[in-house]
Amino acid sequence: MTQDELKKAVAAAAIEMVKPAIFDGEIIGIGTGSTANFFIDLLAEFRDDIKGTVASSEASAQRLRSHGIEVIELNDAGTLGVYVDGADESNSHLELIKGGGAALTREKIVAAASKKFICIADESKLVDQLGAFPLPVEVIPMARSYVARELLKMGGNPVYREGVVTDNGNIILDVYDFMIATPQKTEEEINAIVGVVTNGLFALRPADVLLLGTSNGVREIT
Ligand code: 5RP
């Protein structure tokens, strides 16, 4: 199977998992990226049943609306029943690296506001140790050089993601050569640097379920 076929298969499995929440009238949190896009496209079938969705990016909001799916503001939604999103890496504890699409801050907010976080990914995303994928860090623009120096002191190699402005008007530093042995501690330490909005480690609030597309079918890890 191709990577896209694996992504589509996990998106379909996630649809089955969120159906009860849809029919219970829960608001559904929607992630960002190519795997989340497959989920959005499959969700279109339920446009008339869904009470509302909260999107983790402008791009996902636009895609949802293009299918006629209602998108509301998180501030008007209360606690979300379920959040479905992809990841750049996951370990077996369902701690993640996210933010390859620069949507990490809104993704982290929507995940925090959700009762259940279902992560959908193809099998290439499951790793023993997080960090081969460069860790995205969203930074207030004026703090870019200062934060980069602090990340260097922590042992990483931060690289400015040229030409990218987040939905929140900030910039992204991608931290290379940074194998992460203690994800929760690293998440806290980077977030404590002044000027950092958040980093792409989802370890303090990991996923609750990982649906992994493999050539032998969808594997569920909890
Ligand atoms: C966007 C993300 C995405 O979930 C992550 O980059 C995975 O993307 P894809 O499903 O395209 O592989 O965190 O900020």
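Cut-off values and rules
Residues numbered from 1 in each chain as written. Predicted model: local features only at pLDDT ≥ 70, side-chain atom pairs only at ≥ 80, totals over all residues. Heavy atoms only, no water. UniProt positions renumbered as here; feature names shortened; annotations may be inferred. pLDDT = per-residue confidence, 0-100. Phe/Tyr/Trp six-rings, centres within 6.5 Å; stacked < 30°, edge-to-face > 60°. Helix = DSSP H or I, 4+ residues; strand = E, 2+ residues; numbered from the N terminus. Buried < 20%, exposed > 50% of the residue type's maximum accessible area, 1.4 Å probe, protein only. Lys NZ or Arg CZ within 6 Å of the ring centre and 35° of its normal.

- As recorded in an unreviewed UniProt entry, the protein goes by the name Ribose-5-phosphate isomerase A, listed as coming from Spongiibacter pelagi.
- Its UniProt record gives the protein the following Subunit (unreviewed entry) comment, quoted word for word: "Homodimer."
- Per UniProt, the protein has the following entry under Catalytic activity (unreviewed entry): "aldehydo-D-ribose 5-phosphate = D-ribulose 5-phosphate".

1. Let's talk about the confidence of the model for the protein
Then, in step 1: With 100% of its residues at a pLDDT of at least 70, the protein reaches an overall mean of 96.
Then, in step 2: Taken together, the chains of this predicted complex give a pTM of 0.93 and an interface ipTM of 0.97.

2. Here's the deal with the packing of aromatic side chains
Then, in step 1: What the rule picks out here adds up to three aromatic pairs.
Then, in step 2: Taking 5.1 Å as the distance between ring centres and 45° as the angle between the ring planes, the aromatic pair formed by tyrosine 83 and phenylalanine 117 counts as tilted. Placement of the pair is tyrosine 83 in strand E3 (residues 80-85) and phenylalanine 117 in strand E6 (residues 114-122), with a sequence separation of 34 residues. Accessibility assignment for this pair places tyrosine 83 and phenylalanine 117 in one class, buried.
Then, in step 3: Among the aromatic residues, those joined into a ring-pair cluster are Tyr83, Phe117 and Phe202.
Then, in step 4: It is lysine 98 that lies over the ring of phenylalanine 202; its NZ or CZ is 5.7 Å from the centre.

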